[in-house]
Number of protein chains: 2
Amino acid sequence: LKKNFVFKPVGYVRRPDAKHGADWRDLDSECEIEINPEYARALSGLKQFSHIFVFFVFDRRKKTQITVRPEDDPQIPRLGVFATGSPLRPNPLGMTIVRLVGVRKNIVTVRGLDALDATAVIDIKPFWGFEEETSNYFIPAWLEKLWKIYESKKEVHR
Amino acid sequence: LKKNFVFKPVGYVRRPDAKHGADWRDLDSECEIEINPEYARALSGLKQFSHIFVFFVFDRRKKTQITVRPEDDPQIPRLGVFATGSPLRPNPLGMTIVRLVGVRKNIVTVRGLDALDATAVIDIKPFWGFEEETSNYFIPAWLEKLWKIYESKKEVHR
């Protein structure tokens, strides 16, 4: 069995205003992904999808952990890192579903990408709904509670 | 900017009946992912989600392509590989949304994984719906047409 796999960047996030942290809950934040010009043609037809998955590398994390406590909230149970979106997972693979705003040559403009400036992007895939695969899906009670807290905070800021 | 990133397997697909090809449309197909025992605790809490994303490596592909024609169907336009789920993309990153059937120690049983036996798994993330991010999403006309064809083929086989 092969031991390791090498992934090369196909582009980089251009988001100069997000150097010191990006709020992943800010779905309105817009930024660009600059794709390596050799892959510009690989974007052909992408704009016919409204949303895409962006795969990137958590290239500035300092450590990994087997378990994490989301939001450092003592009310949330300690969880295995695979049950969370934490960057501390064994491989530094990040993925976000974003709105595709536009494609111009090798520049992809998206809304809602929670990645830092200069983050390496390793893949883009189209989002096509997945309703058939995920009908009747459910999520943990702790996550529903977390979302309610976010929602109430948003109300306060309005 | 860093040139390459090394991803290590966190486990392997155990699906001995899928050596010669797996039908990704068979959402009822069940298989196991054997996680490296050192990451068994990273699965803690995962079972509270009904569905998960499985990230794996297209480790048996023979080439890459910038553009592809899905299903080799002359009626479908030739597309950039990023606008498709083709394994011929620049990095051999596969992702499938699957039903989580069970977790027992380091063994994850899933339904609907379209990966070959012994495929390296590099990450698992929980699926939590993404309705807020993807409300009013749309897909290309060629894909809607393709789905209709699959649906009619299914009817024939019933």
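On a predicted model such as this, the values are computed, not experimentally measured, just so you know. (Residues numbered from 1 in each chain as written. Chains lettered and ligands numbered in written order. Predicted model: local features only at pLDDT ≥ 70, side-chain atom pairs only at ≥ 80, totals over all residues. Heavy atoms only, no water.)

A.B. asks: I tried to follow the relation of the copies chain B and chain A on my own but got confused; where do I start?
C.D. replies: Here the two chain copies are tied together by a rotation about an axis and a shift along that axis. After a rotation of 180° and a shift along the axis of 0.0 Å, chain B superposes on chain A with an RMSD of 0.0 Å. Such a combination of rotation and displacement between the chain copies is what one expects of a two-fold axis. Among all residues of chain B, the one whose C-alpha sits closest to the rotation axis is valine 6 of chain B, at a distance of 2.3 Å. The residues that chain B uses at the interface reappear at the interface of chain A in 100% of cases, marking a shared surface. (Least-squares fit on C-alpha atoms with pLDDT ≥ 70 in both. Contact = heavy atoms within 4.5 Å.)

A.B. asks: Can you help me understand the sheet that holds strand E3 (residues 30–35) of chain B in this one?
C.D. replies: Two strands in a sheet stick together by hydrogen bonds in their backbones, pointing the same way (parallel) or opposite ways (antiparallel). Residues and elements named next belong to chain B. Strand order around the closed barrel formed by six strands is E2-E3-E8-E7-E4-E9, with antiparallel pairing between neighbours. Neighbouring strand axes in the sheet, compared pairwise and without regard to direction, differ in orientation by 45° on average. Strand direction decides the pairing type here: E3 and strand E8 (residues 107–111), joined by five bridges, are antiparallel. Its bridge partner lying in E8, glutamate 30 is registered against arginine 111. (Pairing = 2+ DSSP bridges. Helix = DSSP H or I, 4+ residues; strand = E, 2+ residues; numbered from the N terminus. Axes fitted to C-alpha atoms, helices over the stretch in contact; angles between N-to-C directions.)

A.B. asks: Mind showing me how you'd approach the interface of chain B and chain A here?
C.D. replies: For interface size, the figure often reported is the accessible area lost on association. Facing 74 residues of chain B, the contacting portion of chain A comprises 74 residues. At the boundary of chain B with chain A, total buried surface from both sides reaches about 6,800 Å², with 67% on carbon and sulfur atoms. Looking at the side of chain B facing chain A, the largest losses of area belong to Phe5, Phe7 and Phe82 of chain B, adding up to 13% of the total buried there. On inspection of chain B and its partner chain A, the count reaches two salt bridges. (Buried area = accessible area lost by both parts, 1.4 Å probe. Salt bridge = Lys/Arg side-chain N within 4 Å of Asp/Glu carboxyl O.)

A.B. asks: Just to check I follow, could you spell out the packing of aromatic side chains for this structure?
C.D. replies: To describe a pair of aromatic rings, you give the distance between the ring centres and the angle between the ring planes. On inspection of all chains with the given rule, the structure shows 20 aromatic pairs over all chains. Between the aromatic rings of phenylalanine 127 of chain A and phenylalanine 130 of chain A, the centroid separation amounts to 5.7 Å while the plane-to-plane angle is 65°, which identifies the pairing as edge-to-face. An angle of 55° between the planes, with centres 5.7 Å apart, marks the rings of phenylalanine 53 of chain B and phenylalanine 127 of chain B as tilted. Within this pair, whereas phenylalanine 53 of chain B is found in strand E4 (residues 51–57), its partner phenylalanine 127 of chain B is found in the loop between strand E9 (120–126) and helix H1 (131–134), the two being separated by 74 residues in sequence. As far as burial versus exposure is concerned, phenylalanine 53 of chain B and phenylalanine 127 of chain B are alike and both buried. Three or more aromatic residues joined by ring pairs make a cluster, and in this case those are Phe53, Phe55, Phe127, Trp128, Phe130 and Tyr137 of chain A together with Phe53, Phe55, Phe127, Trp128, Phe130 and Tyr137 of chain B. Here the basic side chain of lysine 125 of chain B rests over the ring of phenylalanine 55 of chain B, its NZ or CZ set 5.5 Å away from the ring centre. (Phe/Tyr/Trp six-rings, centres within 6.5 Å; stacked < 30°, edge-to-face > 60°. Buried < 20%, exposed > 50% of the residue type's maximum accessible area, 1.4 Å probe, protein only. Lys NZ or Arg CZ within 6 Å of the ring centre and 35° of its normal.)

A.B. asks: How should the pairing of E9 of chain B be read in this particular structure?
C.D. replies: Within a regular strand, side chains alternate between the sheet's two faces. All names here are of chain B. Burial runs high along E9: seven of the seven residues are buried. As paired strands, strand E2 (residues 11–14) and E9 are joined by two bridges and run antiparallel to one another. Bridged to glycine 11 within E9 is valine 121. In the sheet, E4 pairs with E9 via five bridges, with the strands oriented antiparallel. Along E9, the bridge assignment pairs phenylalanine 53 with lysine 125.

A.B. asks: What am I meant to see in the sheet that holds strand E7 (residues 93–104) of chain A here?
C.D. replies: Taken in spatial order, the six strands line up as E2-E3-E8-E7-E4-E9 (chain A) and close into a barrel, and their pairing is antiparallel. Along the sheet, successive strands turn relative to each other by an average axial angle of 45°, direction set aside.

A.B. asks: Whenever I open this one, a positive patch on the surface confuses me. Can you help?
C.D. replies: On the surface, Arg41 of chain A together with Lys63, Arg69 and Arg78 of chain B cluster together to form a positively charged patch. Here arginine 78 of chain B is to be found in the loop between strand E5 (67–68) and strand E6 (79–80). Looking at arginine 78 of chain B, the relative accessible area reads 43%, which means it is partly exposed. (Patch = residues over 30% accessible without salt bridge, like charges linked within 9 Å, V, L, I, M, F, W, Y side chains within 5 Å. Areas by Shrake-Rupley, 256 points an atom, 1.4 Å probe, with all protein chains shown as cover. Lys, Arg positive; Asp, Glu negative; His and termini not counted. Charge placed at Lys NZ, Arg CZ, Asp CG, Glu CD.)

A.B. asks: How should the environment of arginine 14 of chain A be read in this particular structure?
C.D. replies: Residue and element names in this part refer to chain A. Within the secondary structure, arginine 14 is located in strand E2 (residues 11–14). By relative accessible area, which is 30% here, arginine 14 ends up partly exposed. As for arginine 14 and glutamate 32, which are separated by 18 residues in sequence, their C-alpha atoms are 5.1 Å apart. Contacts of arginine 14, omitting those with residues within four sequence positions, involve Cys31, Glu32, Glu34, Asp117 and Ala118. In terms of polar contacts, arginine 14 uses its side chain to reach the side chain of glutamate 34, at 2.8 Å. (Polar contact = N/O pair within 3.5 Å; in protein donor to acceptor, adjacent residues only side chain to side chain.)

A.B. asks: Mind showing me how you'd approach the pairing of strand E4 (residues 51–57) of chain A here?
C.D. replies: Residues and elements named next belong to chain A. With respect to burial, E4 is a largely interior element, seven of its seven residues being buried. Burial along E4 is two-sided: His51, Phe53, Phe55 and Val57 facing one way and Ile52, Val54 and Phe56 facing the other are all buried. Bridging between E4 and E7 involves seven bridges; their strand directions are antiparallel. Paired with isoleucine 52 across the two strands is valine 98, which belongs to E7.

A.B. asks: Help me understand the side chain of aspartate 123 of chain A, please; the structure alone is not making it clear to me.
C.D. replies: One can find aspartate 123 of chain A in strand E9 (residues 120–126). A polar contact of 2.7 Å, which involves the side chain of aspartate 123 of chain A, links it to the side chain of arginine 89 of chain B. The contact partners of aspartate 123 of chain A, leaving out residues within four places of it in the chain, are Val10, Phe53, Val54 and Phe55 of chain A together with Phe82, Arg89 and Leu93 of chain B.

None of the figures reported here should be taken as evidence of function without further support.
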